[in-house]
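Summary of structural features
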Amino acid sequence: MKKQRVLSGIQPSGQLHLGNYFGMMSRMIQYQGNNDLFCFIANYHALTTIPEKDNLSKNTFEAVCDFLALGLDPEKSTFWIQSDVPQVTELTWLLSNVTPMGLLDRATSYKDKIARGISANLGLFSYPVLMAADILLFNSELVPVGKDQKQHLEMTRDIAVRINNLFGDVLVVPEPDIEKTTMLVPGTDGQKMSKSYGNIIPIFDTEKKIRKTIMRIKTDTTPIEEPKDKDTPLFQLYSLFLNEDGIEDLTSRYDNPGLRYGDIKVELFESIMEHFSPFREKREYYISHPDHVKDILKIGAEKASTVADKTMATIKEAIGLKIDS
Ligand code: ADP
Ligand code: TRP
């Protein structure tokens, strides 16, 4: 079977968390080998919300180390930092000219950010066009993301179709890849887990910090002898670490008297530590070998750049930016 081009990116806007892991990272890594995997750290996007230079570069480096530790293999994939392949900003400009204001006006993610007090600027407003360029520059066929990115993917498809209608079939129209069981991982407060909501459970932090965060997961005051609500963050989070039998067992514990939330929290904590412990040592290695990490990223950027240059040549020709010889 032909390998599919699978692409996704993540913003280095803070510590990576269980939502990022189940919604995107682990799924990307599963695609590796049987597909043509393209993965990048979206630091241009992060500029729209993190203006502090030191945080941005530290978070970017750590996000790279997280991916490498979790098993992203630079030999079997193309892995780079967005700003190392700046052709994406050139494509953003070309796409901007076919992107109606109305399309961007409807972006719920933009509206949410403004509602949270982030000041409106052109970068934030045109964020979805840069994201479309990320995807279209590399002829991506499949884009694994969480549910919150669904609308951005629809906008990307819309922009690609407009270009194709105007200039011939120059762009691949991508498909979103959203997995039902992991598309919306709840945070400790029950809202979507997000770096910007202060409700994350980090993948890699100290044992103490992770334990403390888990103990903060919001629960209700149902007495021990009564059945418990399963539509709650603790149940949903623990289920992510269980197989079908495990979920069935947990369901029956929730449905019957005697369950203590404190016990479930301890079990969840242990599952998290066990799940990620094989990756911790590898992460420490990368964190303490920045030169090795930089070498990996340099090769990744070169590989990505080669593909980007080809797409740019095709689209520039199609749009009329090249003078016929
Ligand atoms: P955040 O909201 O924490 O800033 P990003 O916007 O950088 O996260 O998301 C990176 C990837 O992780 C995207 O594909 C996004 O859909 C996915 N993701 C983020 N949070 C969650 C979540 N709570 N559940 C499922 N997927 C998520
Ligand atoms: N906007 C995405 C997010 O916040 C990150 C992202 C940027 C992305 N460019 C992308 C995801 C391209 C998939 C494909 O999660």
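Residues numbered from 1 in each chain as written. Chains lettered and ligands numbered in written order. Predicted model: local features only at pLDDT ≥ 70, side-chain atom pairs only at ≥ 80, totals over all residues. Heavy atoms only, no water.

1. Overview of a negative patch on the surface
Rules: For patch building, the residue pool is restricted to those with more than 30% relative accessible area and no salt bridge; the joining distance is 9 Å between like charges and 5 Å between nonpolar side chains (Val, Leu, Ile, Met, Phe, Trp, Tyr). Note on areas: these come from Shrake-Rupley sampling with a 1.4 Å probe, and a residue is covered only by the protein chains present in the view. Note on definitions: salt bridges are taken to be side-chain nitrogens of Lys or Arg within 4 Å of carboxyl oxygens of Asp or Glu. Charged-residue counts in this description rest on Lys and Arg as positive and Asp and Glu as negative, His and the chain ends being excluded. Taken as the charge centre is NZ of Lys, CZ of Arg, CG of Asp or CD of Glu, depending on the residue. Under the scheme used here, helices are H or I runs from DSSP no shorter than 4 residues and strands are E runs no shorter than 2 residues, and both carry numbers assigned from the N terminus.
On the surface, Glu244, Asp245, Glu248 and Asp249 cluster together to form a negatively charged patch. On the secondary structure map, Glu244 appears in helix α12 (residues 244–255).

2. Description of the site of ligand 1
To keep things clear, this is the line we draw: Throughout this document, a residue counts as near a molecule or strand when at least one of its heavy atoms sits within 4 Å of that molecule or strand. Here a polar contact is taken to be a pair of N or O atoms separated by no more than 3.5 Å, where protein atoms must pair a possible hydrogen donor with a possible acceptor and residues adjacent in sequence count only if both atoms sit in side chains. Using protein atoms alone on a 1 Å grid, points that fit a 1.4 Å probe yet trap it form a cavity, whereas open point sets bounded by protein on both sides within 12 Å along at least five of seven lines form a pocket; residues with an atom within 4 Å of a point count as lining. To qualify as sitting in a cavity or pocket, a molecule needs more than half of its atoms within 2 Å of the grid points. Under this grouping Gly is polar, as are all residues other than the nonpolar Ala, Val, Leu, Ile, Met, Phe, Trp, Tyr, Cys and Pro and the charged Asp, Glu, Lys and Arg.
As a matter of local geometry, ligand 1 sits amid 20 residues, with His17, Gly146, Asp148, Val185 and Lys195 nearest to it. In this structure, Gly19 approaches ligand 1 through a main-chain N or O atom, which is 3.3 Å from a nitrogen atom. Here ligand 1, which alone exposes 530 Å², has 95% of that area covered by the protein. The pocket occupied by ligand 1, as judged from atoms lying within 2 Å of grid points, is the largest pocket. The residue makeup of the shell around ligand 1, split by class, is 7 nonpolar, 10 polar and 3 charged.

3. Side note on the layout of surface pockets
Quick note on the threshold: Grid points are joined across faces, edges and corners, and a volume is the space filled by probe spheres set on the points. Boundaries of every domain are those given by an automatic assignment or by a domain database.
Roughly 1,100 Å³ of volume is contained in the largest pocket. If you go around the largest pocket, you meet 50 residues; those closest to its centre are Gln11, Asp148, Gln149, Lys192 and Ser194. Looking at the lining of the largest pocket residue by residue, the class counts come to 18 nonpolar, 22 polar and 10 charged. Approximately 290 Å³ is the volume found for the second largest pocket. Lining the second largest pocket are 13 residues, with Lys180, Thr181, Thr182, Gln236 and Leu240 positioned closest to its centre. Its residues placed into classes, the lining of the second largest pocket shows 8 nonpolar, 4 polar and 1 charged. Taken domain by domain, the makeup of the lining of the second largest pocket includes at least three residues from each of domain 1 (5–184 + 289–319) and domain 2 (205–284).

4. Some details on the site of ligand 2
Around ligand 2, the structure places 14 residues, and the nearest of them are Gln11, Tyr127, Met131, Asp134 and Gln149. A distance of 3.0 Å separates an oxygen atom of ligand 2 from a polar side-chain atom of Gln11. Here Tyr127 contributes a side-chain N or O atom positioned 2.7 Å from a nitrogen atom of ligand 2. Protein coverage of the free-state accessible area of ligand 2, which is 370 Å², stands at 91%. The cavity where ligand 2 resides is the largest pocket. Every element with two or more residues in the shell around ligand 2 is listed here: β1 (5–10) and α8 (127–137). Looking at the shell around ligand 2, the element that brings in the most residues is α8, giving 4 residues.

5. A word on the pairing of β1
Taken residue by residue, a regular strand's side chains alternate between the two faces of the sheet. The line we're drawing: Each residue is placed in one exposure class: buried if its accessible area under a 1.4 Å probe, protein chains only, is under 20% of its type's maximum, exposed if it is over 50%, and partly exposed if it falls in between. Two strands pair if DSSP finds at least two bridges between them. Think of it like this: strands point away, you trace from the first strand over the helix to the second, and a clockwise trace means the crossover is right-handed.
Most of β1 sits inside the fold, with 5 of its 6 residues counted as buried. The pairing of β1 with strand β2 (residues 36–41) spans 6 bridges and is parallel. Across the sheet, residue Leu7 finds its bridge partner in β2, namely Phe38. The parallel pair β1 and β2, bridged by helix α1 (residues 18–31), forms a crossover whose chirality is right-handed.

6. Description of the packing of α12 against helix α13 (residues 261–287)
Which entries qualify depends on this criterion: For helices, the fitted axis covers only the stretch in contact; all axes are lines through C-alpha atoms, and the angles between them, taken along N-to-C directions, range from 0 to 180 degrees. Every angle not falling under 35 degrees, over 145, or within 65 to 115 is termed oblique; those three ranges are roughly parallel, roughly antiparallel and roughly perpendicular. Crossing handedness follows the turn of the near helix against the far one: under a right angle anticlockwise gives a left-handed crossing, and clockwise gives a right-handed one. A contact between two residues is defined here by any heavy atoms of the two lying within 4.5 Å.
For the pair α12 and α13, interaxial distance at closest approach is 12 Å and the crossing angle is 160°. It follows that α12 is roughly antiparallel to α13 by the angle criterion. Two packed elements cross with a definite hand, and for α12 against α13 that hand is left-handed. On α13, the residues touching Leu250, Arg253 and Tyr254 of α12 are Tyr261, Ile264 and Glu267. Here the contact of α12 with α13 is built from residues that sort into 4 nonpolar, no polar and 2 charged.

7. A look at the domain arrangement of the chain
Our working definition: Two parts placed together each lose some accessible area under a 1.4 Å probe, and the buried area is that loss summed for both.
As assigned here, the chain comprises domain 1 (5–184 + 289–319) and domain 2 (205–284). Relative placement of domain 1 and domain 2: their C-alpha centres are 32 Å apart. Contact with domain 1, which involves 13 residues of that partner, is made by 11 residues of domain 2. Carbon and sulfur atoms make up 62% of the surface buried where domain 1 meets domain 2, a total of about 1,000 Å² over both sides. Broken down residue by residue, the surface that domain 1 buries against domain 2 is led by Leu18, Phe22 and Ala69, which jointly contribute 45%. For Arg283, the salt bridge goes to Glu62, with nearest N and O atoms at 3.9 Å. Along the contact surface separating domain 1 from domain 2 lie 4 residue pairs in polar contact (both at pLDDT 80 or more). For the side of domain 1 that touches domain 2, the secondary structure elements donating two or more residues are α1 and α3 (53–70). Sort the elements by how many residues they give to the side of domain 1 that touches domain 2 and α3 lands first, with 6 residues.

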